[in-house]
Amino acid sequence: MIEKVNQHAHCHMCGNVIPISETLCSKECKDKYQNMVKRRKMFVYLMYAIIFFIIALFFVQNIF
Ligand SMILES: [Zn+2]
């Protein structure tokens with residue numbers, strides 16, 4: 001009985017109770033999750049771009 005109650009997971013986006021094999025409860029949450037992952041990826045690329053820009057700036061300063 002108690003084990004059966006524990007056989008569930010929570011939606012990563014809204015926290016709804018879902019089957020243990022799932023990570024998200026609905027298409028809406030899946031879309032939201034996809035957007036979040038996409039945004040996080042963009043943020044990582046942006047960080048790389050900033051780091052690259054700073055390194056490039058150092059090189060330019062050394063040349064002149
Ligand atoms: Zn959800």
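Residues numbered from 1 in each chain as written. Predicted model: local features only at pLDDT ≥ 70, side-chain atom pairs only at ≥ 80, totals over all residues. Heavy atoms only, no water.

**Overview of the coordination of the zinc ion**
So, step 1. Only C11 (SG), C14 (SG), C25 (SG) and C29 (SG) from the protein reach the zinc ion as donors, at distances of 2.3 Å.
So, step 2. Of note is the zinc ion, whose 4 donor atoms meet at the metal with angles of 104 to 114° in an arrangement that counts as tetrahedral.
So, step 3. One chain supplies every donor to the zinc ion, and in sequence these donors are spaced C-x2-C-x10-C-x3-C. Within this pair, whereas C14 is found in the loop between strand 1 (9-10) and strand 2 (17-18), its partner C29 is found in helix 2 (residues 27-63), the two being separated by 15 residues in sequence.
So, step 4. Using a relative accessible area of 42% as the deciding quantity, one classes C14 as partly exposed.
So, step 5. Assessed through its relative accessible area of 5%, C29 is described here as buried. (Donors = N, O, S within 2.8 Å, 3.2 Å for Na, K, Ca; no water. Tetrahedral: all angles 85-135°; square planar, octahedral: opposite > 155°, others 65-115°. Helix = DSSP H or I, 4+ residues; strand = E, 2+ residues; numbered from the N terminus. Buried < 20%, exposed > 50% of the residue type's maximum accessible area, 1.4 Å probe, protein only.)

**A few points about the environment of L24**
So, step 1. Mapped onto the fold, L24 is located in the loop between strand 2 and helix 2.
So, step 2. The exposure class assigned to L24 is buried, which follows from its relative accessible area of 6%.
So, step 3. For the pair formed by L24 and N6, sequence separation is 18 residues and the distance between their alpha carbons is 17 Å.
So, step 4. Discounting chain neighbours no more than four positions away, the residues touching L24 are C11, H12, M13, I18, C29, K30 and Y33. (Contact = heavy atoms within 4.5 Å.)

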